Amino acid sequence: MQVLTKRYPKNCLLTVMDRYSAEVHNMEQVVMIPSLLRDVQLSGHEGRAQAEAPDLYTYFTMLKAICVDVEHGLLPREEWQAKVAGGEAEEAKNGTAETEEVEDESASEELELEAQFHLHFSSLHHILIHLTKKAQEVTRKYQEMTGQVW
């Protein structure tokens, strides 16, 4: 298991990000055969229908992908939009009416920047804590499945 080397205040976003990154790296080191996680549900999802609840392999790949973004940053907005929307980002750039709407929105948003920052900051903090717990659950469940529990 990786040990945090940096020291920040407990509720600092950097601490939460470091903790998340360390847990995902620990999960990657423990899970030697990720395919064993297919069709295995997390303990909290037994009540859901099998088709609705994601399996541990889905969590494993999602947690790894998010960790890459946390550690290395996001793709530039245009690349991300092209990847997600399949090229619709280029079409949106060509509209002049949309540009005017964006300018009007940005003027009103500047008044609420601090409130928006606190909302998104607290949401990100909460989400990273939740994802850290999911990485711990995937690791624990894999260890139980493979008999690695100490």
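Residues numbered from 1 in each chain as written. Predicted model: local features only at pLDDT ≥ 70, side-chain atom pairs only at ≥ 80, totals over all residues. Heavy atoms only, no water.

- If you check an unreviewed UniProt entry, the chain appears there as Thyroid hormone responsive from Macaca mulatta.
- You can read under Sequence similarities (unreviewed entry) in the UniProt record for the chain the words "Belongs to the SPOT14 family." (UniProt positions renumbered as here; feature names shortened; annotations may be inferred.)

1. A closer look at the pattern of salt bridges
Part 1: A complete count under the given rule lists 2 salt bridges for this structure.
Part 2: In this structure, K64 engages E28 in a salt bridge whose closest nitrogen and oxygen atoms are separated by 3.9 Å. With K64 in helix α2 (residues 56-72) and E28 in helix α1 (residues 13-30), this pair connects stretches of sequence that are 36 residues apart.
Part 3: Taking relative accessible area as the criterion, K64 reaches 31% and is therefore assigned partly exposed.
Part 4: The exposure class of E28 is partly exposed, given its relative accessible area of 30%.
Part 5: Across the pair E144 and R140 runs a salt bridge whose closest N-O atoms are separated by 2.8 Å. Here the residue E144 and the residue R140 both occupy positions in helix α6 (residues 113-146), the gap between them amounting to 4 residues, near one helical turn. (Salt bridge = Lys/Arg side-chain N within 4 Å of Asp/Glu carboxyl O. Helix = DSSP H or I, 4+ residues; strand = E, 2+ residues; numbered from the N terminus. Buried < 20%, exposed > 50% of the residue type's maximum accessible area, 1.4 Å probe, protein only.)

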